[in-house]
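# Chains, contacts and geometry: an overview
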Amino acid sequence: MRRNLCVPRVVLLTGLFFLTVGLGGCMWMFNTDPIARFTAMPGSGPAPLDVWFDATTSSDPDAGDDLSYAWSFGDGTHGVGITCTHRFAAAGTYRVELTVDDGWGGMSTAFLNITVSEQTGTYYAIVIGIADYYENPLQYTDDDAWAFADLLLKSPGLWDADHIVLLLNRDATIANFAAAIAAISAEATANDALVVFYSGHGSQWYDIAPLDESDGLDEALCFMDADLTDDGFAAALRRVPVGKVLVLVDACYSGGLIRGGSESTTIEGSIGVGLGEDLVKDGSVQAKDLATLERSVVVVTASADDEYSIEWNNFRHGVFTYYLLDAMRGAADFYGNQDGVISAEECFAYLAPNVVSFTSSIGSTHHPQILDAFPGEFALTE
């Protein structure tokens, strides 16, 4: 840019030895645009996110210019000043632009993207693994639970040991499960999340009161002291006042925990009532619209309601858990959206075809199931 200065000037031409006086004359001089730069701290985080913006590293080659600073925060709001603070209330990616003006028609712009994630709250987990049954013991189900809890702790951004309850073998009683539910319920809020992992025997018998299974069968998880039906399991989880619930079950007949008599992998069209439906209902017989759920729920099971869930010696885990752990170690995100966050939905998308393919290769039938009543994706590890 050029600036037009109309001021009196006295110019001494040394070589010609004469003096020219220009009164009220005009003289053209070049103006250089300023250089816009700024930093943002922090550059990402959960909503609501307060970010400090600092443009003191901006500069202008023309010394003495009085710079002004205008901000556009990408959410429809604006600000001024060499430094400022702005709160981003909702999750999203915001392009923040800084425009520096030197007052002589010169200006430049710089931008940064600020990433605001959903408010995560506190993540709680109850991890259950039972191998040492008094009758029909299993081999690797306690190892399944131990390995799952260990992988959670490798993601300290979401998890810490104080919020993970590990119930193995003789400690895996209904009483201890109820105590864990009560302890979490005493401090959890609607901003928090609960993950329940179960690996052990699953059972199935003729439906008992309230006679709500369309296929006439109740499913149950076999704790050390008694069997817990899908109705009882759902009732326990509904007591926890969290906004997000993820249930992962590696057990025979576990697909029946989502619904009875159906192998559909979504809640739509379900013809039975199981754990998943119980969690997304409000005391009625019809599933609520997903936009009005009181909580967001994902339930993933190892098999359909009429299938076994098997262990495999070479894996030293249940087949379902083996591929779940592989997904959590990074395979799910690698074959998913590669955003650095491993979600329950990505885990299912990875493990389901692998479980089906492997079990088919050894002459077994194994179809993992999912009920996904969660807007977006349920972050499991980072």
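Residues numbered from 1 in each chain as written. Predicted model: local features only at pLDDT ≥ 70, side-chain atom pairs only at ≥ 80, totals over all residues. Heavy atoms only, no water.

### Concerning the overall build of the protein
Scanning the protein from N- to C-terminus turns up 6 helices and 25 strands. Across the 382 residues that make up the protein, the buried fraction comes to 48%. Partitioning the contacts of the protein with sequence separation of at least 6, the portion at a separation of at least 24 is 67%. For the protein, the accessible area works out to roughly 18,000 Å², and carbon and sulfur atoms hold 55% of it. (Helix = DSSP H or I, 4+ residues; strand = E, 2+ residues; numbered from the N terminus. Buried < 20%, exposed > 50% of the residue type's maximum accessible area, 1.4 Å probe, protein only. Contact = heavy atoms within 4.5 Å. Areas by Shrake-Rupley, 256 points an atom, 1.4 Å probe, with all protein chains shown as cover.)

### Remarks on the sheet that holds strand β12 (residues 107-117)
Sheet strands pair via backbone hydrogen bonds, and the direction of the pair is either parallel or antiparallel. Pairing within the open sheet is mixed, and its 5 strands lie in the order β6-β12-β11-β8-β9. Single-partner strands in this sheet number two, and they are β6 (44-46) and β9 (78-80). The average undirected angle you get between the axes of adjacent strands in this sheet is 25°. As paired strands, strand β8 (residues 68-72) and β9 are joined by 3 bridges and run antiparallel to one another. In the sheet register, Ala70 faces β9, and the bridge partner there is Val80. (Pairing = 2+ DSSP bridges. Axes fitted to C-alpha atoms, helices over the stretch in contact; angles between N-to-C directions.)

### Description of the confidence of the model for the protein
Scored by pLDDT, the protein has a mean of 82; 79% of the residues are at 70 or more. Mean pLDDT across the secondary structure elements of the protein bottoms out at strand β1 (residues 2-5), with 33, and peaks at strand β14 (residues 164-168), with 98. Of the regions scoring below 50 in pLDDT, residues 260-273 engages in 39 contacts with residues more than four places distant in sequence or in other chains. Confidence drops under a pLDDT of 50 for residues 282-293, and excluding neighbours within four residues, the segment shows 13 contacts in the predicted structure. (pLDDT = per-residue confidence, 0-100.)

### A short note on the sheet that holds strand β5 (residues 39-41)
On the basis of which strands lie adjacent, the open sheet formed by 3 strands has the order β5-β7-β10 and antiparallel pairing. The strands lining the two open edges of the sheet, one partner per strand, are β5 and β10 (83-88). Geometrically, the sheet is characterised by an average inter-axis angle of 25° between neighbouring strands, direction not taken into account. Bridging between strand β7 (residues 49-54) and β10 involves 6 bridges; their strand directions are antiparallel. Residue Leu49 lies in a different strand from β10, and its bridge partner there is Phe88.

### Overview of the pairing of strand β13 (residues 123-129)
Counting buried positions along β13 yields 7 of 7 residues, so the element is predominantly enclosed. Here β13 shows two buried faces, one formed by Tyr123, Ala125, Val127 and Gly129 and the other by Tyr124, Ile126 and Ile128. When β13 meets strand β15 (residues 193-199), the two strands line up parallel, connected through 7 bridges. Among the inter-strand pairings, Ala125 is bridged to a residue of β15, identified as Val195. The sheet contact formed by β13 and β14 spans 5 bridges and is parallel. Considered in β14, the bridge of Ile126 is made with Val165. In this fold, the crossover linking β13 to β14 by way of helix α1 (residues 141-153) has right-handed handedness. (Right-handed = clockwise from strand over helix to strand, strands pointing away.)

### Thoughts on the nonpolar core
Formed by 45 residues in total, the largest nonpolar core has its most connected members in Phe148, Val195, Leu324 and Phe378. If you list the elements that add at least two residues to this core, you get β13, α1, β15, β19 (244-250), β20 (296-301), α5 (319-334), α6 (344-361) and β25 (379-381). Sorting elements by how many residues they give to this core places α5 first, with 9 residues. Residue contacts for Phe378: discarding those within four places in its chain leaves Tyr123, Ala193, Leu194, Val195, Lys244, Val245, Leu246, Val298, Ile342, Ser343, Ala344 and Glu345. Membership of the second largest hydrophobic core comes to 35 residues, among which are Ile126, Val196, Cys222 and Ile258. (Core = buried A, V, L, I, M, F, W, Y, C linked by side-chain atoms within 4.5 Å.)

### Describing the packing of aromatic side chains
Per the counting criterion, the structure on display carries 20 aromatic pairs. Geometrically, the ring pair formed by Tyr123 and Trp159 is edge-to-face, given 5.2 Å between the ring centres and 85° between the ring planes. Of this pair, Tyr123 sits in strand β13 while Trp159 is found in the loop between α1 and β14, placing the two residues 36 residues apart along the sequence. The same class applies to Tyr123 as to Trp159, namely buried. Relative to Phe197, the ring of Phe148 has its centre 4.5 Å away and its plane inclined at 15°; by these criteria the two rings are stacked. Here Phe197 lies in strand β15 and Phe148 lies in helix α1, a separation of 49 residues in the sequence. Residue class for Phe148 comes out buried when judged on its relative accessible area of 0%. The structure contains a cluster of three or more aromatic residues connected by ring pairs, namely Phe38, Phe53, Trp71, Phe73, Phe88 and Tyr94. When the ring centre of Phe111 is taken as reference, the NZ or CZ atom of Arg95 above it lies at 3.5 Å. (Phe/Tyr/Trp six-rings, centres within 6.5 Å; stacked < 30°, edge-to-face > 60°. Lys NZ or Arg CZ within 6 Å of the ring centre and 35° of its normal.)

### Describing unusual backbone geometry
Both trends apply: most residues other than glycine have a negative phi, and most peptide bonds are in trans. With omega at -10°, the peptide bond leading from Met41 into Pro42 counts as cis. Summarising the element assignment, Pro42 is placed in the loop between β5 and β6. Phi at Asn169 takes a positive value of approximately 50°, unusual for a residue other than glycine. With respect to the helices and strands, Asn169 occurs in the loop between β14 and α2 (174-185).

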